[in-house]
Amino acid sequence: MSAELGGRTGLQGKLSQWLRGRRPKETADDGGREALLLAAAEAGLPLAPAAHPVGYRCSCDRVGCPTPARHPVSFAWQTQSTTDRAQIERWARHQPQANFITATGMVHDVLDVPVEAGREALERLLDAGIEVGPVAESDDGRMLFFTLTRGTPEDEDEWWPCELDCHPETMDEHPGLRWHCRGSYVLMPPARLPGDDRTVHWVRGPEHPLPDPLSVLEVLTDACARHAGQEPDHASAAWPLRRH
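Because the structure is a prediction, the values reported are computed rather than measured.

Procedures and definitions
Residues numbered from 1 in each chain as written. Predicted model: local features only at pLDDT ≥ 70, side-chain atom pairs only at ≥ 80, totals over all residues. Heavy atoms only, no water. Phe/Tyr/Trp six-rings, centres within 6.5 Å; stacked < 30°, edge-to-face > 60°. Buried < 20%, exposed > 50% of the residue type's maximum accessible area, 1.4 Å probe, protein only. Helix = DSSP H or I, 4+ residues; strand = E, 2+ residues; numbered from the N terminus. Contact = heavy atoms within 4.5 Å. pLDDT = per-residue confidence, 0-100. Core = buried A, V, L, I, M, F, W, Y, C linked by side-chain atoms within 4.5 Å. Pairing = 2+ DSSP bridges. Axes fitted to C-alpha atoms, helices over the stretch in contact; angles between N-to-C directions. Arc of directions from axis to C-beta.

Further remarks concern the packing of aromatic side chains. What the rule picks out here adds up to three aromatic pairs. Ring geometry for Trp91 and Phe100: centres 6.3 Å apart, planes at 50 degrees, overall tilted. When its relative accessible area of 10% is taken as the criterion, Trp91 is described as buried. Seen in terms of ring centroids, Phe146 and Trp202 are 5.2 Å apart; in terms of plane orientation they differ by 55 degrees. Their pairing is tilted. Residue Phe146 is found in strand β7 (residues 142-148), and its partner Trp202 is found in strand β11 (residues 198-204); the two are separated by 56 residues along the sequence. For the pair shown, Phe146 and Trp202 are each scored as buried.

See the structure below:
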């Protein structure tokens, strides 16, 4: 199964690091940052520049920015997002402090869960031999599972519109799964968050093929239900999705 899953042994090493209170290290220099961004673009994930932290504040000029260092710098981020190598190199070199976002709902979606639920789900998925794509972890307590996009299903009841949370303080009220799809975005690793040495970093890199979201959804929602102290509701495979 190790060969099929492309890195089961590596995953076990990362999980061991988590248990020791450490995270996998990424290259901290600009060359490593650029290489990781280009690898994501080569995998088909569209990127656009985002704000970056200035201490505990955001680099944007908005007073009391509600999502510091977590939002695009342009209101045209959806049309600006690209996988063009030359453009991403220019952005990365001319804006060396910038984070990047990836626009979801074009090529990929992101299933965004509490980190404890995500770690449990990741182990269960790999143990079951279920295909898992790229996975990122954010030091603000979330884990991001990258999947193929569902696009716009014919049955609108199967589509959960979502946008990046505008009010981080509501996260404790909604500890379940958020489905980032059409009209949404997430930070692309490597990214820096406000505070001391807080990042968004890859657990499984973009070299892993994107799976169908429905293949991982049930395990993720079950793990979220346990994390929230509730029994999973299999009659509604999407619980506990936050709908926007």
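Moving on to the side chain of Glu34. When you line up the elements, Glu34 lands in helix α3 (residues 30-42). Every residue in contact with Glu34, bar those within four places of it in the chain, is listed here: Glu89, Ala92 and Arg93.

A few words now on the confidence of the model for the chain. In the predicted model, the chain carries a mean pLDDT of 79, and 71% of its residues have values of at least 70. The element-level mean pLDDT for the chain is lowest in helix α1 (residues 2-5), coming to 36, with strand β6 (residues 135-138) highest at 98. pLDDT under 50 marks residues 155-171. Its contacts with residues more than four places away, or in other chains, come to 40 contacts. Of the regions scoring below 50 in pLDDT, residues 232-244 engages in 29 contacts with residues more than four places distant in sequence or in other chains.

Of all hydrophobic cores here, the largest spans 28 residues; its most connected members are Leu37, Ile88, Ile101, Phe146, Leu187 and Met188. One finds Val113, Ala121, Met143 and Ala223 within the second-largest nonpolar core, a separate group that totals 22 residues.

We now examine the sheet that holds strand β9 (residues 185-188). Sheet strands pair by backbone hydrogen bonding; their relative direction is either parallel or antiparallel. Taken in spatial order, the three strands make up an open sheet running β1-β4-β9, and their pairing is antiparallel. A strand with exactly one partner marks an edge of an open sheet, and here the two such strands are β1 (47-50) and β9. On average, each strand axis in the sheet is tilted by 40 degrees relative to the strand beside it, whichever way the strands run. Of the strands in this sheet, β1 and β4 (99-103) touch helix α5 (residues 85-94), which is tilted by about 15 degrees from β1.

A separate point is the pairing of β4. Judged by how many residues are buried, β4 sits mostly within the fold: five of five residues are covered. Here β4 shows no split at all, with Asn99, Ile101 and Ala103 on one side and Phe100 and Thr102 on the other all buried. Direction of pairing for β1 relative to β4: antiparallel, over a ladder of four bridges. When the sheet's bridge partners are listed, Ala48 is paired in β4 with Ile101. Here β4 runs beside β9; their pairing, made up of four bridges, is antiparallel. In the sheet register, Ile101 faces β9, and the bridge partner there is Leu187.

Take the sheet that holds strand β5 (residues 108-114) next. As summarised here, the arrangement of the six strands in space is β8-β5-β7-β6-β11-β10, forming an open sheet in which the pairing is antiparallel. The sheet terminates laterally at β8 (178-180) and β10 (191-193), the two strands that pair on one side only. Each strand of the sheet is rotated relative to its neighbour by a mean of 25 degrees, with strand direction disregarded. Bridge analysis of β6 against β7 gives four bridges, and the strand direction is antiparallel. Following the sheet pairing, Ala136 is matched in β7 by Leu144. Packed onto the sheet, helix α6 (residues 115-127) meets β5, β6, β7 and β11 and runs at close to 45 degrees relative to β7.

The next point concerns α5. When we look at burial in α5, the residues that qualify are Ile88, Glu89, Trp91 and Ala92. All buried residues of α5 lie within an arc of 165 degrees about the axis, which places them on one face of the element. Across α5 from its buried face, at more than 90 degrees, point the exposed residues Arg93 and His94.

With that out of the way, let us pick up unusual backbone geometry. Each neighbour pair has its own omega, and for Pro189 with Pro190 the value is -5 degrees, a cis peptide bond. Position of Pro190 relative to the elements: it lies in the loop between β9 and β10.

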